[in-house]
Amino acid sequence: MVKKIMTGNIAAAWGARLSRTEVIAAYPITPQTIIVEKLAQFVSDGDLKAEYLHVESEHSAMAACIAASQIGARAFTATSSQGLLLMHELLHWASGARTPIVMANVNRALAPPWSVWVEHTDMISQRDTGWIQFYAESNQEVLDTILICYKLCEDKEIQLPAMVGLDAFYLSHTSEIVDIPDQELVDKFLPKYEAQYPIDTENPLSLGSLSMPHQWYPEFRYKIYEAMERVIPRLYQIEEDFYKQFGRRYTGPLELYNTEDAEVVLIISGAAAGTVKETVDILRKNGVKVGAIRLRMFRPFPKKELVKALSNVSFVGVIDRSFSFGHEGAMFSEIKASLYGTKFSPAIKNYIVGIGGRDITTDTIKKIFDNCFNCLKNNKIDAHVEWVDIKV
Amino acid sequence: MKRAGIPTEEFIYSGHTACPGCGAMLVSRYLLKVLGKNTIMNIPACCFAAIPGTFPETCLGIPLLYNAFETTAATASGVEAALKIKGRKEKINVVGFAGDGGTADIGIQALSGAIERGHDIIYVCYDNEAYMNTGMQTSSLTPMGASTTTNPVGKKGGWRTRNKKNMIDIVAAHDIPYAATVNPSYPMDFIKKIEKAKEVNGPVYIHAYSVCPTGWRYQPELGLEIGRLATETGIFPLYEFEDGKYKISYKKKTKQVIEYYKLQGRFRHLSEDFINEVQTKIDKEWQKLLLKEECSNR
């Protein structure tokens, strides 16, 4: 165990290194570049024994990772924003081919106008690709989640890819103390990758061939559905193992913060969750019953866990750092849908905050809490969706 | 075992779903005869994505990885990298097998990247000169004069008037160690070139002439004859690019383009003037190729 001060990008590269990834195919994109640079350095110095492919696009990066994984190598890539979108077609392919690839994605806004700062639209718009999705709050969590993801994805009952989101600049370029676990312990936690059906000339298999309507297509898809259903229970087990091995405890798909007796709860994901928790502390000191939920995982969506966590809450504010135009924030939609049909259904409102990297301060969050309490007091939600602090 | 220089072992078994007289079947058959059992093939969206059969059946005796349309070369790169790190590359040929659209259009970026990176892969383009799996739409390798469903003959013309890309020159510009054109109508030449390709350490590009009776509109039994005409007219010259040098492997350009055209429905609409124009162009290209050979060997 070594403690070092490092950025989220370096932490992601360490996650890939400690996981002993064997094939890295990556394309540089701001603000992810440092991940691929650091990995290149690890490989050049002989600290990581991997094939490093300087591919000509993110699309090819993902294609190469899928193929490498099908041959039986542990594959890693990292991207961001437009790069993730360029991969979109192959993201579907990766899950359809059941390849347990792990990817770091630096969450960045989409153009136009150009913006290299944080937003979650890039990953949210990959919602239906069949990838497991994590959003990290700290650099430590970035590193640890990559280790957890390989263990989760390579599980024989799961065999799906995962992406770990880290907020552009707030995590990618901000330094924090990170504990780098011992390689020996990581090796114990995460043994070598053994592909279930590695491509081998002694036992020739065809992977991904045509399926007629009367054949197996729906069954292949049903298997992905089943695998996704197993992710959250398995995650709890893996995180328990992780705690025993490394002494750091993660809380499954949700992190609950002062929710037990809270009247109003704000839900958020990513690094700004820290600001929300800070605001909760401030308000709690004044006796205000507020709480926060950090959504660590967006796919599979932790419906059951959320409903349980919100069962005594009167008002829920959902902060989205993305927007589904023509509708509402995607997290809001999903949370609302999860609550539908349950015995208890709190009032719920959507706040769009901090997109394109605009700062979220405790003042912003206080204002949102105030608005929630106002709605609660008046027994009326003033607006279904509110874009906070918009200048037009 | 070899008979008349051609290995007798087969890796394509009966039960495939190709059209009668399919050129891609012959191309893949000769290719695999030479490359043998220790071969992993990558196939994008193309006729060959359907030909080997539907899951769980296959008529191929080697492992196949299917991949997205534009990713053949990137996928082959990933296969090669993984085999290398696993210590298995020495024994295994990694093949990308794609049509003309997957190679010269949507897949050209990945192909360029893979060659530039120097992966030890054999990339084979079976060129049937249009998007045949989707029903004969124009690709950038559809030849001048041909009609397709997206270059239909109409009252104001409409057939293809652009010339096809020269893929060998494109890959040659990457300083590729070995590239060659092959034609199943010349099996010995075909076999010899793949045998060479197998020994190359680094990327190889093979451009294979691949007749298509349904798309080119001719009777299937004429396929081999049309193939021979393609080379004898200079429309599809047989040559190699090796260590920076061009080498023509069949130098008899004895026939006129009209002989090739008149056997195929896709050229039926052409006027004499247009055919003469094409003839001039082909003659020029042939002279250029002779010069390339001469200059690069000087």
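K.L.:
How do you make sense of the overall build of chain A when you look at a structure like this?
P.N.:
A count of helices and strands for chain A gives 13 helices and 16 strands. The C-alpha radius of gyration of chain A comes to 21 Å, within 12% of the 21 Å expected for a compact globule of 392 residues. Taken over 392 residues, chain A has a buried fraction of 58%. At a minimum sequence separation of 6, the contacts of chain A that also span at least 24 residues come to 81%. Side chains of chain A give 41 positive and 48 negative charges; the mean places of these two sets differ by 4 Å.

K.L.:
What is the right way to look at the overall build of chain B in this model?
P.N.:
A count of helices and strands for chain B gives ten helices and ten strands. Over its C-alpha trace chain B gives a radius of gyration of 18 Å, about what one expects of a compact globule, namely 19 Å for 298 residues. C-alpha extents for chain B along the principal axes are approximately 60 × 50 × 40 Å. Every one of the 298 residues in chain B was classed for burial, and the buried ones make up 60%. Taking all contacts inside chain B whose residues are at least 6 apart in sequence as the whole, residues at least 24 apart take part in 70%.

K.L.:
Where do I start with the interface of chain A and chain B in this structure?
P.N.:
Accessible area lost upon the coming together of the parts serves often as the stated size of an interface. Listed by partner, the interface residues are 39 residues for chain A and 41 residues for chain B. Across the chain A to chain B interface the summed buried area is about 3200 Å²; carbon plus sulfur atoms make up 62%. It is Glu56, Ile71 and Thr201 of chain A that lose the most area in chain A upon contact with chain B, and together they represent 19% of the buried surface on that side. The interface formed by chain A and chain B contains four salt bridges. The closest approach of N and O atoms between Lys86 of chain B and Glu22 of chain A, which form a salt bridge, is 3.0 Å. Here the element with the most residues in the side of chain A that touches chain B is helix α3 (residues 58–71) of chain A; it accounts for eight residues. Its residues placed into classes, the side of chain A that touches chain B shows 21 nonpolar, eleven polar and seven charged. Judged from the two bridges that link them, strand β9 (residues 206–207) of chain A and strand β4 (residues 64–66) of chain B form a sheet pairing that is parallel. Considered in β4 of chain B, the bridge of Leu207 of chain A is made with Leu65 of chain B.

K.L.:
Help me understand helix α13 (residues 362–378) of chain A, please; the structure alone is not making it clear to me.
P.N.:
For an α-helix, the turn length of 3.6 residues means that residues three or four places apart are oriented alike. Residues and elements named next belong to chain A. An ideal rise of 1.5 Å per residue puts 24 Å on 17 residues; α13 measures up with 24 Å between its terminal C-alpha atoms. Contact partners of the buried residues in α13: β11 (264–268), α10 (273–285), β12 (290–295), β14 (315–320), β15 (347–352) and β16 (385–387). Count one or two residues on from α13 and you reach Asn379, which has phi positive near 55°.

K.L.:
Teacher, can you tell me more about the side chain of Asn371 of chain A here?
P.N.:
Residue and element names in this part refer to chain A. Tracing the chain through its elements places Asn371 in helix α13. Of note is the side chain of Asn371, whose polar atom sits 3.0 Å from the side chain of Asp382. When residues no more than four places from it in sequence are discounted, the contact partners of Asn371 are Lys349, Tyr351, Asp382 and Glu386.

K.L.:
Even after reading the chapter, I still don't get the confidence of the model for chain B, so can you show me in this structure?
P.N.:
The predicted coordinates ought not to be read in detail in places where the model reports low pLDDT. For chain B, the average pLDDT comes to 96, and 100% of its residues sit at 70 or higher. Across the whole predicted complex the pTM is 0.97, and at the interface the ipTM reaches 0.96.

K.L.:
I'm lost on the packing of helix α7 (residues 139–153) of chain A against helix α9 (residues 217–246) of chain A in this one. Help?
P.N.:
Helix-helix packing is characterised by the crossing angle of the two axes and by the distance between the axes. All names here are of chain A. Between α7 and α9, the least distance of the axes is 10 Å, while the angle of their chain directions is 125°. Regarding the angle of α7 to α9, the classification is oblique. Crossing of α7 over α9 shows right-handed handedness. Counting all contacts with α7, which are made through Asp144, Leu147, Ile148, Lys151 and Leu152, the residues of α9 involved are Val231, Arg234, Leu235, Ile238, Glu239, Asp241 and Phe242. Partitioning the contact of α7 with α9 into residue classes produces seven nonpolar, no polar and five charged.

K.L.:
Mind showing me how you'd approach a nonpolar patch on the surface here?
P.N.:
Together, Phe325, Trp387, Ile390 and Val392 of chain A make up a nonpolar patch on the protein surface, roughly 500 Å² of accessible area in all. Looking at the secondary structure, you find Trp387 of chain A in strand β16.

K.L.:
What is the right way to read the sheet that holds strand β3 (residues 51–53) of chain A from this model?
P.N.:
Either a parallel or an antiparallel arrangement is found when strands of a sheet pair, and the pairing is made through backbone hydrogen bonds. Residues and elements named next belong to chain A. If you walk across this open sheet you meet the seven strands as β3-β2-β4-β5-β7-β6-β13, and the pairing is mixed. Two strands in the sheet have a free side with no partner beyond their single neighbour: β3 and β13 (297–299). On average, each strand axis in the sheet is tilted by 20° relative to the strand beside it, whichever way the strands run. Both strand β6 (residues 132–135) and β13 contribute to a ladder of two bridges, which runs antiparallel. The residue of β13 that forms the bridge with Phe134 is Met297. Its contacts with the sheet put helix α2 (residues 33–44) on β2 (23–25), β3, β4 (75–80) and β5 (102–107), and the angle it makes with β3 is roughly 140°.

K.L.:
Looking at this structure, how should I read the packing of aromatic side chains?
P.N.:
Each pair of aromatic rings is reported with the distance of its centres and the angle of its planes. Residues and elements named next belong to chain B. Inspection of the entire model under this criterion finds 27 aromatic pairs over all chains. Note on Trp159 and Phe274: the rings are 5.9 Å apart at their centroids and 90° apart in plane angle, and the pair reads as edge-to-face. Taken together, the positions of Trp159 in the loop between β6 (122–127) and α5 (167–172) and Phe274 in helix α10 (residues 272–296) put the pair 115 residues apart, joining distant regions of the chain. You can call Phe274 buried: its relative accessible area is 9%. Judged by centre distance (5.0 Å) and plane angle (55°), the rings of Tyr209 and Phe236 are tilted. Residue Tyr209 is found in strand β8 (residues 204–209), and its partner Phe236 is found in the loop between α8 (223–232) and β9 (239–242); the two are separated by 27 residues along the sequence.

K.L.:
Is there a simple way to think about the side chain of Gln70 of chain A in this case?
P.N.:
Mapped onto the fold, Gln70 of chain A is located in helix α3. Excluding residues within four positions of it along the chain, Gln70 of chain A makes contact with Ala97, Thr99, Tyr197, Pro198, Ile199 and Leu207 of chain A together with Leu65 of chain B.

K.L.:
Hey, could you run me through the nonpolar core in this one?
P.N.:
One recurring pattern in soluble globular proteins: nonpolar side chains tend to sit buried together. One finds Met62, Ile267, Leu306, Leu310 and Ile335 of chain A together with Tyr205 of chain B to be the most contacted residues of the largest nonpolar core, which totals 84 residues. In terms of residue count, α3 of chain A provides more of this core than any other element does, nine residues in total. Those residues in contact with Tyr205 of chain B that sit more than four places away from it in its chain are Thr103, Leu111, Tyr123, Cys125, Met167, Ile168, Val171, Ile176, Tyr178, Ala179 and Ala180 of chain B. Grouped together as the second largest cluster of nonpolar side chains are 67 residues, Ile43, Cys46, Tyr209 and Ile226 of chain B included.

K.L.:
Quick question: what am I supposed to make of the pairing of β9 of chain B here?
P.N.:
Each regular strand displays side chains that alternate between the two surfaces of the sheet. All names here are of chain B. Note: strand β7 (residues 178–182) against β9, three bridges, orientation antiparallel. Looking at β9, one finds that Ala179 is bridged to Phe241. Relative to strand β10 (residues 245–248), β9 runs antiparallel, the two sharing four bridges. Paired with Phe241 across the strands is Tyr246, a residue of β10. The hairpin turn running from β9 into β10, its antiparallel successor, is two residues long, and Asp243 in that turn takes a positive phi close to 50°.

K.L.:
Would you explain helix α6 (residues 187–199) of chain B in this entry?
P.N.:
Between the first and last C-alpha of α6 of chain B there are 19 Å, a value that for 13 residues agrees with the 18 Å anticipated at 1.5 Å per step. Contacts made by the buried residues of α6 of chain B are with β2 (6–7), α1 (23–35), β6, β7, β8 and β9 of chain B.

K.L.:
Explain the packing of α1 of chain B against α6 of chain B to me, please; I cannot follow it from the model alone.
P.N.:
Residues and elements named next belong to chain B. Running from N to C, α1 and α6 cross one another at 45°; their axes reach a closest spacing of 9 Å. Considering the angle they form, α1 stands oblique to α6. For the crossing formed where α1 meets α6, the hand is right-handed. Contacts between α1 and α6 involve Val27, Tyr30, Leu31, Val34 and Leu35 from the first element and Pro187, Phe190, Ile191, Ile194, Glu195 and Lys198 from the second. Per-class residue counts for the contact of α1 with α6 are nine nonpolar, no polar and two charged.

What counts as what
- Residues numbered from 1 in each chain as written.
- Chains lettered and ligands numbered in written order.
- Predicted model: local features only at pLDDT ≥ 70, side-chain atom pairs only at ≥ 80, totals over all residues.
- Heavy atoms only, no water.
- Helix = DSSP H or I, 4+ residues; strand = E, 2+ residues; numbered from the N terminus.
- Rg over C-alpha atoms; globule rule 2.2 N^0.38 Å.
- Buried < 20%, exposed > 50% of the residue type's maximum accessible area, 1.4 Å probe, protein only.
- Contact = heavy atoms within 4.5 Å.
- Lys, Arg positive; Asp, Glu negative; His and termini not counted.
- Charge placed at Lys NZ, Arg CZ, Asp CG, Glu CD.
- Buried area = accessible area lost by both parts, 1.4 Å probe.
- Salt bridge = Lys/Arg side-chain N within 4 Å of Asp/Glu carboxyl O.
- Nonpolar A, V, L, I, M, F, W, Y, C, P; charged D, E, K, R; others polar.
- Pairing = 2+ DSSP bridges.
- Expected span 1.5 Å × (residues − 1).
- Polar contact = N/O pair within 3.5 Å; in protein donor to acceptor, adjacent residues only side chain to side chain.
- pLDDT = per-residue confidence, 0-100.
- Axes fitted to C-alpha atoms, helices over the stretch in contact; angles between N-to-C directions.
- Parallel < 35°, antiparallel > 145°, perpendicular 65-115°, else oblique.
- Left-handed = near helix turned anticlockwise from the far one by under 90°.
- Patch = residues over 30% accessible without salt bridge, like charges linked within 9 Å, V, L, I, M, F, W, Y side chains within 5 Å.
- Areas by Shrake-Rupley, 256 points an atom, 1.4 Å probe, with all protein chains shown as cover.
- Phe/Tyr/Trp six-rings, centres within 6.5 Å; stacked < 30°, edge-to-face > 60°.
- Core = buried A, V, L, I, M, F, W, Y, C linked by side-chain atoms within 4.5 Å.

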